[in-house]
Amino acid sequence: MKILNQLYEGKAKQVFATEDPAIVMVHYKDDATAGDGAKKGTIRDKGVVNNRLSNALMQKLEKAGIPTHYVQELNDRDTLVKRVEIVPLEVIIRNVAAGSFSKRFGVAEGTALAIPTIEFSYKNDDLHDPMINRYHALALNLATAQELDQITDMAFRINDILRQILLAANIRLIDFKLEFGRLPDGTIILADEISPDTCRFWDATTGAHLDKDLFRRDLGGEADAYQEVMRRLVTE
Ligand code: TMP
Ligand code: ASP
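Residues numbered from 1 in each chain as written. Chains lettered and ligands numbered in written order. Predicted model: local features only at pLDDT ≥ 70, side-chain atom pairs only at ≥ 80, totals over all residues. Heavy atoms only, no water.

1. Topic: the packing of aromatic side chains
Move 1: Using the criterion set out here, one finds 1 aromatic pair in the structure.
Move 2: Geometry around phenylalanine 215 places lysine 39 over its ring, the cationic atom sitting 4.2 Å from the centre. (Phe/Tyr/Trp six-rings, centres within 6.5 Å; stacked < 30°, edge-to-face > 60°. Lys NZ or Arg CZ within 6 Å of the ring centre and 35° of its normal.)

2. Here's the deal with the site of ligand 1
Move 1: By nearness alone, 13 residues border ligand 1, and Arg94, Ser100, Asp175, Lys177 and Arg200 come closest of all.
Move 2: Interatomic distance of 2.5 Å between a side-chain N/O atom of serine 100 and an oxygen atom of ligand 1.
Move 3: In this structure, arginine 200 approaches ligand 1 through a side-chain N or O atom, which is 2.9 Å from an oxygen atom.
Move 4: Protein contacts shield 75% of the accessible area of ligand 1, which totals 450 Å² for the unbound molecule. (Near = heavy atom within 4 Å. Polar contact = N/O pair within 3.5 Å; in protein donor to acceptor, adjacent residues only side chain to side chain. Areas by Shrake-Rupley, 256 points an atom, 1.4 Å probe, with all protein chains shown as cover.)

3. Some thoughts on the pattern of salt bridges
Move 1: Taken as a whole and judged by the stated rule, the model has 27 salt bridges.
Move 2: Among the ionic pairs, aspartate 192 bridges to lysine 177, the shortest N-O distance being 3.1 Å. Of this pair, aspartate 192 sits in the loop between strand E13 (188-191) and strand E14 (199-203) while lysine 177 sits in strand E12 (residues 171-182); the two residues are 15 residues apart in sequence, bridging distant segments of the chain. Each member of the pair, aspartate 192 as well as lysine 177, is classed as buried.
Move 3: Its salt-bridge partner being glutamate 228, residue arginine 231 comes within 2.9 Å of it at the nearest N-O pair. Here the residue arginine 231 and the residue glutamate 228 both occupy positions in helix H6 (residues 222-233), the gap between them amounting to 3 residues, near one helical turn.
Move 4: Look at arginine 231 and you get exposed, because its relative accessible area is 58%. (Salt bridge = Lys/Arg side-chain N within 4 Å of Asp/Glu carboxyl O. Helix = DSSP H or I, 4+ residues; strand = E, 2+ residues; numbered from the N terminus. Buried < 20%, exposed > 50% of the residue type's maximum accessible area, 1.4 Å probe, protein only.)

4. Digging into the pairing of strand E1 (residues 3-9)
Move 1: Bridging between E1 and strand E2 (residues 13-18) involves 4 bridges; their strand directions are antiparallel. Bridge pairing in E2 places glutamate 9 opposite glutamine 14.
Move 2: From the end of E1 to the start of E2, which pair antiparallel, there are 3 residues. (Pairing = 2+ DSSP bridges.)

5. Here we look at the site of ligand 2
Move 1: Neighbouring ligand 2 are Lys11, Thr33, Ala34, Gly35, Asp36, Gly37, Lys212 and Arg216.
Move 2: Threonine 33 is positioned with one of its side-chain polar atoms (N or O) 2.6 Å from an oxygen atom of ligand 2.
Move 3: Taking lysine 212, its side chain carries an N or O atom lying 3.0 Å from an oxygen atom of ligand 2.
Move 4: With the chains in place, 72% of the 270 Å² that ligand 2 exposes on its own is no longer accessible.

In structure tokens, the structure reads:
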């Protein structure tokens, strides 16, 4: 497949057109930001881990009946995916209190939640991705009610599937962020990535952070932690 011009560059990825208008290529960088872009750096070989891990998890989700954008891994950092129109919502599922949930509600990090929760953020860098509810999303025409129902249902199913896959690797899935896209026919599919950048992974035995919180909080050891997650979860 011939790779054409760059369409978009984000904080962690670049997207390129291909000769097939229905397919784009994602390139994963090592660049990392935190605190709404206030902290900038790199995490060695993060792009490799995020590319390979996200692809491995999306393939498992596909097998479990979740439609995703995954098409083909080209190499360690490049993957072909279906071209979608991204629904401008960050969909966050939480199993255990951490991060902004702990701060907002005054609950200690690590407190198990009575049920898994869902929340949405409006993907808008200028507004710093504010939290948004279902009615706001409808009022702003970000998605239809049917799309929001589908996204919610898929996000909780993805949680059930990922929790099992991770627990088999002795990792607790604390919380994670998903993004969904629309195909030209309107079908909603899982897009973006599933990686230590977008999930909180804690070692199930020691509670050690195996995710981007090591970078966000200046704890150190993030490059090794990303490698450890890949070692446990990417077998081929
Ligand atoms: P939070 O506790 O900071 O709201 O984060 C919840 C989850 O979402 C966590 O697994 C990290 C992920 N996340 C992103 O993927 N991108 C972001 O910009 C933020 C703020 C969080
Ligand atoms: N999206 C955040 C930023 O760019 C990073 C994060 O906390 O994951 O600063």
